[in-house]
Amino acid sequence: MGTTLNDTPSANRTHIAVFGKMNSGKSSLINALANQEIAIVSEVGGTTTDPVKKPMEIHGIGPCVLIDTAGFDDTGELGNRRVASAKKAALQADIAIMLIVNDDFTKEQLWVDLLSKKNTPVIFVINQIDQLKEPETLAKKVKDRFKKEPLLLSAKEKQGIETLRQALVEEAPGKEQERFLTGDLLTEEDLVLLVMPQDIQAPKGRLILPQVQTLRELLDKKCLVMCTVTGKLDQALASLQKPPKLIITDSQAYQTVYEKKPQQSMLTSFSTLFAAYKGDIHYFVQGAKCIASLTEHDKVLIAECCTHAPLDEDIGREKLPRLLRKKIGQGLTIDLVSGMDFPQDLSAYQLVIQCGACMFNRKYVISRVDAAKQQHVPMTNYGVAIAFLNGILDQVSLP
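Throughout this document, residue positions are counted from 1 along each chain, in the order its sequence is written. The predicted origin of the model limits local features to residues at a pLDDT of at least 70 and limits the giving and counting of side-chain atom pairs to 80 or more, whereas totals for whole chains, interfaces and linings rest on all residues. Think of the side-chain values as coming from all heavy atoms in the structure, minus any hydrogens and water.

## Describing the confidence of the model for the protein chain
Any residue range with low pLDDT should be treated as having predicted coordinates unsuitable for detailed reading.
For step 1, the next point in the chain: How sure the predictor is of each residue is captured by pLDDT, a score from 0 to 100. Looking at the protein chain, pLDDT values average 89 and 90% of them are 70 or higher.
For step 2, the next point in the chain: This stretch, residues 1-6, has a pLDDT under 50; its non-local contacts, to residues over four places away or in other chains, come to 4 contacts.
For step 3, the next point in the chain: In this description, contact between two residues means that some pair of their heavy atoms is separated by no more than 4.5 Å. Across residues 39-48 the pLDDT falls below 50, and counting only partners more than four positions away or on other chains, this stretch makes 23 contacts in the model.

## Structural notes on the pairing of strand 9 (residues 246-249)
For step 1, the next point in the chain: Side-chain alternation along strand 9 places Leu246 and Ile248 on one buried face and Ile247 and Thr249 on a second face that is also buried.
For step 2, the next point in the chain: Relative to strand 9, strand 7 (residues 191-195) runs parallel, the two being bridged by 4 bridges. Within the sheet, the bridge partner assigned to Val192 lies in strand 9 and is Leu246.
For step 3, the next point in the chain: Sheet analysis places strand 9 next to strand 10 (residues 266-269), joined by 4 bridges and oriented parallel. What sits directly across from Ile248, in strand 10, is Thr268. Partly exposed describes any residue whose relative accessible area lies between the buried limit of under 20% and the exposed limit of over 50%, with all areas from a 1.4 Å probe on protein chains only and scaled to the type maximum. To qualify as a helix, a DSSP run of H or I must reach at least 4 residues; to qualify as a strand, a run of E must reach at least 2; elements of each kind are numbered from the N terminus. One bridge is not enough; two strands pair if DSSP finds at least two bridges between them.

## Concerning the pattern of salt bridges
For step 1, the next point in the chain: When a carboxyl oxygen of Asp or Glu is within 4 Å of a side-chain nitrogen of Lys or Arg, the pair counts as a salt bridge. Scanning all chains against the criterion turns up 16 salt bridges.
For step 2, the next point in the chain: Its salt-bridge partner being Lys148, residue Glu171 comes within 3.6 Å of it at the nearest N-O pair. Taken together, the positions of Glu171 in helix 5 (residues 161-171) and Lys148 in the loop between helix 4 (135-146) and strand 6 (151-152) put the pair 23 residues apart, joining distant regions of the chain.
For step 3, the next point in the chain: For Arg216, the salt bridge identified is with Asp220, shortest N-O distance 3.0 Å. Highlighted residues: Arg216 and Asp220, both in helix 6 (residues 209-220), separated by 4 residues, approximately one helical turn.
For step 4, the next point in the chain: Given a relative accessible area of 30%, Arg216 falls into the partly exposed group.

## Considering helix 1 (residues 26-34)
For step 1, the next point in the chain: Judged by how many residues are buried, helix 1 sits mostly within the fold: 8 of 9 residues are covered.
For step 2, the next point in the chain: Buried residues of helix 1: Lys26, Ser27, Leu29, Ile30, Asn31, Ala32, Leu33 and Ala34, and no others.
For step 3, the next point in the chain: Looking at the buried residues of helix 1, the elements they touch are strand 1 (14-19), strand 2 (52-58), strand 3 (62-68), strand 4 (95-100) and helix 5.
For step 4, the next point in the chain: Where helix 1 ends, the next residue or the one after it, Asn35, has phi of about 60°, a positive value.

## Considerations on the nonpolar core
For step 1, the next point in the chain: If you look at the biggest cluster of nonpolar residues, it comprises 56 residues, and the most contacted ones within it are Ile291, Val300, Leu320, Leu324, Phe342 and Ile353.
For step 2, the next point in the chain: Only buried residues count toward a nonpolar core, which is a set of Ala, Val, Leu, Ile, Met, Phe, Trp, Tyr and Cys residues joined through side-chain atoms within 4.5 Å. Grouped together as the second largest cluster of nonpolar side chains are 25 residues, Ile30, Ala32, Leu33 and Ile97 included.

## Section: the packing of aromatic side chains
For step 1, the next point in the chain: Here a pair means two rings of Phe, Tyr or Trp (six-membered ring of Trp) with centres within 6.5 Å. Their orientation is stacked below 30 degrees between planes, edge-to-face above 60, and tilted elsewhere. For the coordinates displayed, the defined rule picks out 6 aromatic pairs.
For step 2, the next point in the chain: Measuring from ring centre to ring centre gives 5.4 Å for Phe19 and Trp111, while their planes differ by 40°; the resulting arrangement is tilted. Placement of Phe19 in strand 1 and of Trp111 in helix 3 (residues 106-117) is noted, with a sequence separation of 92 residues between them.
For step 3, the next point in the chain: Summarising the aromatic geometry, the rings of Phe124 and Phe146 are spaced 4.6 Å apart at their centres and angled 20° between planes, so their arrangement reads as stacked. Placement of Phe124 in strand 5 (residues 122-126) and of Phe146 in helix 4 is noted, with a sequence separation of 22 residues between them.
For step 4, the next point in the chain: Accessibility expressed as a relative area gives 3% for Phe124, which makes it buried.
For step 5, the next point in the chain: The structure contains a cluster of three or more aromatic residues connected by ring pairs, namely Phe19, Phe72 and Trp111.
For step 6, the next point in the chain: Charges are assigned to positions over rings by a cutoff of 6 Å between ring centre and Lys NZ or Arg CZ, combined with an angular limit of 35 degrees from the ring normal. If you follow Arg145 out to its NZ or CZ, it ends over the ring of Phe146, 5.9 Å from the centre.

## Notes on helix 2 (residues 76-92)
Since the α-helix turns once every 3.6 residues, residues separated by three or four places project in the same direction.
For step 1, the next point in the chain: A helix's residues, less one, multiplied by 1.5 Å, set its expected span. Taking 1.5 Å per residue as the helical rise, helix 2 with its 17 residues ought to reach 24 Å, and the 25 Å between its terminal C-alpha atoms agrees with that figure.
For step 2, the next point in the chain: Listed in full, the buried residues belonging to helix 2 are Gly79, Arg82, Val83, Ala86, Ala89, Ala90 and Gln92. In an axial view of helix 2, the angular spread of the buried residues amounts to 155°, which keeps them on one side of the axis. Along helix 2, the residues that are exposed and aim more than 90 degrees away from the buried face are Glu77 and Arg81. In this description, one arc is meant: the one made by directions from the helix axis to the C-beta atoms.

## A look at the sheet that holds strand 9
Adjacent strands of a sheet pair through backbone hydrogen bonds, lying either parallel or antiparallel.
For step 1, the next point in the chain: An order of 8-7-9-10 is seen for the 4 strands of this open sheet, with the pairing classed as parallel. Sheet topology places strand 8 (224-228) and strand 10 at the edges, where each strand pairs with a single neighbour. Taken over all neighbouring pairs, the strand axes of this sheet differ in orientation by 20° on average, direction set aside.
For step 2, the next point in the chain: Against the sheet, helix 6 engages strand 7, strand 8 and strand 9, with an angle of about 170° to strand 7. Working convention: axes come from line fits to C-alpha atoms, limited for helices to the stretch in contact. Angles between N-to-C directions cover 0 to 180 degrees.

This is the structure we're talking about:
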């Protein structure tokens, strides 16, 4: 069943990740919270390999994603890969649940330190209290070590699950953190024109996620919306009684739309909106300006969220590299990563260009931005970079 306009995309949901040693009851806890069997429960250590995600609703939080991770005490080559996947889940977590099964907190401390660096709230849970002889003694040790009172529960017997739900509600991002794609660019009854090329990259019979999310937000804001493809832009503008307040286009059509737009109409792109919604728009703008100082001897990293098969005229694999090499020189080295693959060491690169990140939540995108900042590597976004390469960045409206 396809995504509908009123479905909440996974990337916009609160991400709740569960961490702990092997056989600490993570999968059982996930199942108890979701009230259904979504994670495999086994007494064999290492049953959970790649993180398992379950979209659901929690009253008081709303749409969320539960993430079941591999035990962080897993060993061996395969175990190390599982732990690495769990660390990527930690970068996505808006809230972390840390399961405690014994008083050796060495591993837990490392993960708490990692989560603390990302300002991720941690809820400590002593699970399997139906099997522990002195859970209160362990709880006191947890409080002494981490300065937080742990929750006592049994996922298997579904004891204490409601208490955990309440704790999650208390730690959930508040309404003050609610963000809008279009920010303060638009108000009710503003006229908006969406220019949406339906080329080979557009899925047959559907709109791509950034277009769907933007359209839904505009409808929620009670804006007046008109949609067109690039080739019908002239007719669309001619049919309007007044110029649109804002034109939102696909980044690859920036130059074409800029040349034809009414002078009084603001202009931006879906990718640029997502740059502000998911990342650090000011850092991205400064990063784009660094393109002017690149040489053929430099290296650029293009980071794409999607892991689709390469397509002709793909924006990340074809169009953007072509624009960069046209401006900088054919000798420019460009590496591309996709999905969750993102190098920890960015020192070899003079610039990182991130896609709109519609498939990632803001927490994870900001972790990439932070990594770039810490290593003093400029970073920008597809739409912002393309606007700069077309010489119109200063004409683009930012939310």
